[in-house]
Amino acid sequence: MNPLDLVRPNIAVLKPYSTARDEYRGPLGIFLDANENPYDNNVNRYPSTSLKESLRSRVAALKGVAPANLFLGNGSDEAIDLCYRIFCRPGIDNAIMIAPSYGMYEVCANINDVECRKVQLGEEFALPTEALLAAADTNSKLLFVCSPNNPTANSFGIEEIVSLLERFRGIVVVDEAYIDFSSGKGMLPLLDCYPNLIILQTLSKAYAMAGLRVGLAIASEEIISIMKQVKYPYNIGSDTIQLALKMLDKDISGEVGEIKSERNRIAEALAQMGCVLKVYPSDANFLLVKFTDPTGLYNKLITNGLIVRDRSHTAGCEGTLRITVGTPAENDKLLEVIKHYE
Ligand SMILES: *Cc1c(COP(=O)(O)O)cnc(C)c1O
C-alpha cells in the first residue's frame, strides 16, 4: 500500500497558495510585496520562512528526526484536523478510533463529515487490535491510537501498534501528547519502517507551552509535504515561534522528573483511601481514579477550589475522575480534601 494513494483526489492535485514570503527568499531589502504596514513594531511583517524553519530545525533536532519529517501546527489539534482534510472524503470515508480516548478525533470527524467508528478498549484498557481491524472497510482511511492514552493513562505495546501499522490498509495516527512522561520511547524509532505512520506530539504538556499552541506531526517526507500544502499559509505567528525557540533553551527534565515522582506519590496515597476503588496505572502526567462517589467528591473538590475532570459518565470510565498532577503543594491540598471527604 502506498499511503499517497489514500490522499483525496482534490488534495493530490492541489496547487498550494504561494505567499509573498514563499516567493522571495533573498536578502533583506525593502519589502513592498505583502501589503503589510511598513512601520516597524516587531510584528508588522508576516512570519518569515526562515524563522519558521529555525523552529522546525530546533524541534527536529530535539526529536532526532530530519526537518523534512516534521510538521509544525497550531497545536496538534491542527494536525488532527489536517489528517481528515487530507485523507477523508466527506460523506464517504471513515475513521476508526479507540474509546475512551481524546475527544478531538471525533469532533474533527464530525466537522469534516467523516463517519467515526469507535471501538471500546478491552479489559484493563487493553488495545482491541482485532476489533479495530474488524471495524475497517475499504473506506477506512485513518486509525487513531493515543498512547499514553487520554483519559485512561496507559500506554499500549509497540508490537500491538506495529501489528495495526502492518495490517490496517490506511494511515495509523499515533498521538503521543504524553510521551515525555512515559517510561517507553514511543513510535519515533520506527518512523522510517512505516510509511503509513503519523506520530503526533506537542509542546503543550511536558514542554509547558500550552498557551503558545505548537503541535508536531512527524511522518514520511511525502505526508509532511502534503500537510504543509494544506495548512493555512502562516499557521504559527512570529511571536509564538520566537517565544517557543527561547523556551526550548530551558531543560524540562527536572520538572518532568518531579511531575512523575509526584504522580507516583499521589497514586500511592490515593490507593490507601477508603473512597478510592482503583487508581489506574499511569504513564502520563495525570491519574485516572475510580471513586465510590465521584460526583459527590467532584463537587466537594470544586467547593475547595480544586478542579478535576469528571469522567464518571464516559463509557468505559464509569465512576472515575481524571486528575492532573500539580505542584507538590497543590497535590498536598488535593490529598487533604479527599482525605477529609472520607
Ligand atoms: C492535550 C492533548 C493534545 C494536545 O493538543 P495541542 O493542540 O497540541 O495542545 C493532543 N492529544 C491529546 C491526547 C491530548 O491529551
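What you see is a predicted model, and the numbers here were worked out from it, not measured in a lab. (Residues numbered from 1 in each chain as written. Predicted model: local features only at pLDDT ≥ 70, side-chain atom pairs only at ≥ 80, totals over all residues. Heavy atoms only, no water.)

Colleague: I'd love a proper account of the packing of helix H10 (residues 253-271) against helix H12 (residues 328-341), names of residues and values included.
Modeller: Put simply, H10 and H12 touch, their axes get as near as 11 Å, and they point 10° apart. What the angle tells us is that H10 and H12 run roughly parallel. Packed against H10, whose contacting residues are Glu258, Glu262, Arg265, Ile266, Ala269 and Leu270, the element H12 presents Pro328, Asn331, Asp332, Leu334, Leu335 and Ile338 at the interface. When its residues are assigned to classes, the contact of H10 with H12 shows 7 nonpolar, 1 polar and 4 charged. (Axes fitted to C-alpha atoms, helices over the stretch in contact; angles between N-to-C directions. Helix = DSSP H or I, 4+ residues; strand = E, 2+ residues; numbered from the N terminus. Parallel < 35°, antiparallel > 145°, perpendicular 65-115°, else oblique. Contact = heavy atoms within 4.5 Å. Nonpolar A, V, L, I, M, F, W, Y, C, P; charged D, E, K, R; others polar.)

Colleague: Please provide a residue-by-residue account of helix H5 (residues 104-111), values included.
Modeller: Along H5, the positions that sit buried rather than exposed are Tyr105, Cys108 and Ala109. The arc that holds every buried residue of H5, seen down its axis, measures 105°, which confines them to one face. Those residues of H5 that are exposed and angled more than 90 degrees off the buried face are Asn110 and Ile111. Contact partners of the buried residues in H5: helix H4 (76-87), strand S2 (94-99), strand S3 (115-120), strand S4 (140-146) and strand S5 (171-175). Asp113 lies just past H5 and shows a positive phi near 55°. (Buried < 20%, exposed > 50% of the residue type's maximum accessible area, 1.4 Å probe, protein only. Arc of directions from axis to C-beta.)

Colleague: Tell me about helix H8 (residues 221-230), and name the residues and values.
Modeller: Among the residues of H8, those classed as buried are Ile223, Ile224, Ile226, Met227 and Val230. Viewed along the axis of H8, the buried residues span an arc of 160°, placing them on a single side of the element. Summarising the contacts, the buried residues of H8 are in contact with helix H1 (9-12), strand S1 (70-73), H4, S5, strand S6 (197-202) and strand S7 (215-218).

Colleague: Now, about the packing of helix H3 (residues 49-63) against helix H9 (residues 238-247): what can you tell me, with residues and values included?
Modeller: For the pair H3 and H9, the least separation of the axes is 10 Å and the interaxial angle reads 35°. As for the relative orientation of H3 and H9, their crossing is left-handed in sense. Together, Leu51, Lys52, Ser54, Leu55 and Arg58 of H3 and Ser238, Ile241, Gln242, Ala244 and Leu245 of H9 make up the contact between the two elements. Along the lines of polarity and charge, the residues of the contact of H3 with H9 split into 5 nonpolar, 3 polar and 2 charged. (Left-handed = near helix turned anticlockwise from the far one by under 90°.)

Colleague: With reference to specific residues and values, describe the packing of aromatic side chains.
Modeller: Summed over the entire model, instances satisfying the criterion amount to 7 aromatic pairs. Taking NZ or CZ as reference, Arg21 lies 4.8 Å from the ring centre of Phe31, over its face. The ring of Phe286 carries the charged tip of Arg322 above its face, separated from the ring centre by 5.7 Å. (Phe/Tyr/Trp six-rings, centres within 6.5 Å; stacked < 30°, edge-to-face > 60°. Lys NZ or Arg CZ within 6 Å of the ring centre and 35° of its normal.)

Colleague: A description of the sheet that holds S7 should follow, citing residues and the corresponding values.
Modeller: The strand order across the open sheet built from 7 strands is S1-S7-S6-S5-S4-S2-S3, with neighbouring strands paired in mixed fashion. Two strands bound the open sheet, and with one partner strand each, they are S1 and S3. Between one strand axis and the next, the sheet turns by 20° as a mean value, whatever way the strands run. By the bridge criterion, 6 bridges tie S2 to S3 in an arrangement that is parallel. Bridge pairing in S3 places Met97 opposite Lys118. (Pairing = 2+ DSSP bridges.)

Colleague: Break down the side chain of Arg56 for me, citing the residues and quoting the values.
Modeller: By the secondary structure assignment, Arg56 is in helix H3. Reaching out from Arg56, the side chain makes a polar contact with the backbone oxygen of Leu70 at a distance of 2.7 Å. (Polar contact = N/O pair within 3.5 Å; in protein donor to acceptor, adjacent residues only side chain to side chain.)

Colleague: If you had to explain the pairing of S2 to someone new, which residues and values would you point to?
Modeller: For a regular strand, side chains alternate in direction, first toward one face of the sheet and then toward the other. Most of S2 is tucked away: 6 of the 6 residues are buried. Residue alternation in S2 divides its side chains into two sets, Asn94, Ile96 and Ile98 and Ala95, Met97 and Ala99, and both sets are buried. Read as a crossover between parallel neighbours, the route from S2 over H5 to S3 is right-handed. (Right-handed = clockwise from strand over helix to strand, strands pointing away.)

Colleague: Could you give an account of the pairing of strand S9 (residues 286-291), naming the residues involved and the relevant values?
Modeller: Counting buried positions along S9 gives 5 out of 6 residues, so the element sits mostly inside the fold. Two strands pair when backbone bridges link them, and strand S8 (residues 276-279) and S9 are joined in this way by 3 bridges, in the antiparallel orientation. Note on S9: the bridge partner recorded for Val276 is Phe291. What sits between S8 and S9 in their antiparallel hairpin is a turn of 6 residues.

Colleague: So what about the site of the ligand? Which residues, and what values?
Modeller: If you check the shell around the ligand, you find 14 residues, and the closest are Asp175, Tyr178, Thr202, Ser204 and Lys205. Here an oxygen atom of the ligand sits 2.7 Å away from a polar atom, N or O, in the main chain of Ser76. Between Lys205 and the ligand, the recorded distance is 3.2 Å, taken from a side-chain N or O atom to an oxygen atom. Computed on the free molecule, the ligand has an accessible area of 390 Å², of which 94% lies beneath the protein chains in the complex. Residue composition of the shell around the ligand, grouped by class: 5 nonpolar, 5 polar and 4 charged. (Near = heavy atom within 4 Å. Areas by Shrake-Rupley, 256 points an atom, 1.4 Å probe, with all protein chains shown as cover.)

Colleague: Give a description of the sheet that holds S9 that names residues and reports values.
Modeller: Here 4 strands make up an open sheet; going across it, the order is S8-S9-S11-S10 and the pairing antiparallel. Taken across any chain shown, the strands that pair with only one partner, and hence form the sheet edges, are S8 and strand S10 (309-310). Two elements, S10 and strand S11 (residues 320-324), share 2 bridges in a ladder whose sense is antiparallel. Following the sheet pairing, Asp310 is matched in S11 by Leu321. On top of the sheet, helix H11 (residues 294-303) reaches S9, S10 and S11; it is set at about 35° to S11, its chief contact.

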